[in-house]
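Next come the chains, spelled out residue by residue.
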Amino acid sequence: MNEPAIRVDGCRDLAALAAQTPPGHRLPPTLRAPAGTTTYTVALPAGLPLLNANRTRRMHWSQVRRLAKPIREATCLLARNQHIPPLDRAHVVYVVHPTPQTRRRDPANWAESAKAAVDGLVDAGVFEDDDSAHVIGPDPRLGEPVKGGQLVIHITPLGGAS
């Protein structure tokens, strides 16, 4: 496996992978925060393999952790590159943009991917911890299909910056 050797403050340098992220992700109107509230969006690169409970329940924990690592590191790097400030408390919503297929989907099945992404936000210093005192959610939503699939994290501050 060809992994980048460069590390940026505890995050793997995934700049090339992050450059593949399509621009212009917008939060659906029903999820937008009240006027004057900033919502930060971290869009992981399309095609980054995501963890799905339907597959991971049959895997050994070490294999799941190995698959979660790129999600965690990409989220950490992207959050730092966006200069998301440290937050005392926030509501996190994750939007899964599945691969284009005609079957029904349950966005909660990607909770392990969202957990890895929230861990990456902790690594980036956005949250002190990912416990319920700091993070509400992550709450799942299903977005429009994207070639290769994609996970987008929306962070709405509740308690202000620390």
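Presented here is an overview of the structure given in this document. Everything quoted here is computed from the prediction, not taken from an experiment. (Residues numbered from 1 in each chain as written. Predicted model: local features only at pLDDT ≥ 70, side-chain atom pairs only at ≥ 80, totals over all residues. Heavy atoms only, no water.)

1. Some remarks on the overall build of the protein chain
In step 1: If you tally the helices and strands in the protein chain, you get four helices and six strands.
In step 2: In the protein chain, the succession of helices and strands from N to C terminus is β-β-α-β-α-α-β-α-β-β.
In step 3: For the protein chain, with 162 residues in total, the buried portion stands at 40%.
In step 4: For the protein chain, contacts bridging at least 24 residues in sequence account for 83% of all contacts bridging at least 6. (Helix = DSSP H or I, 4+ residues; strand = E, 2+ residues; numbered from the N terminus. Buried < 20%, exposed > 50% of the residue type's maximum accessible area, 1.4 Å probe, protein only. Contact = heavy atoms within 4.5 Å.)

2. Describing the side chain of H154
In step 1: Mapped onto the elements, H154 comes out in strand 6 (residues 150-157).
In step 2: A distance of 3.0 Å separates the side chain of H154 from the side chain of T41, its partner in a polar contact. (Polar contact = N/O pair within 3.5 Å; in protein donor to acceptor, adjacent residues only side chain to side chain.)

3. Description of the nonpolar core
In step 1: Membership of the largest hydrophobic core comes to 31 residues, with the highest contact counts inside it found for I71, L121, V126, F127, L151, I153 and I155.
In step 2: Broken down by element, the residue count for this core peaks at seven residues, all from helix 3 (residues 61-81).
In step 3: The residues touching V126, leaving out its near neighbours within four places in the chain, are A79, I84, P85, P86, L87 and L121. (Core = buried A, V, L, I, M, F, W, Y, C linked by side-chain atoms within 4.5 Å.)

4. Comments concerning unusual backbone geometry
In step 1: Residue G137 is joined to P138 through a cis peptide bond whose omega torsion reads 5°.
In step 2: For P138, the location among the structural elements is in strand 5 (residues 135-142).
In step 3: With phi around 55°, H83 is a residue other than glycine that occupies positive phi space.

5. Examining a negative patch on the surface
In step 1: A contiguous patch of negative charge on the surface is contributed by D88, E128, D129 and D131.
In step 2: As for its position among the elements, D131 is in the loop between helix 4 (111-123) and strand 5.
In step 3: Residue D131 is classed as partly exposed on the basis of its relative accessible area of 31%. (Patch = residues over 30% accessible without salt bridge, like charges linked within 9 Å, V, L, I, M, F, W, Y side chains within 5 Å. Areas by Shrake-Rupley, 256 points an atom, 1.4 Å probe, with all protein chains shown as cover. Salt bridge = Lys/Arg side-chain N within 4 Å of Asp/Glu carboxyl O. Lys, Arg positive; Asp, Glu negative; His and termini not counted. Charge placed at Lys NZ, Arg CZ, Asp CG, Glu CD.)

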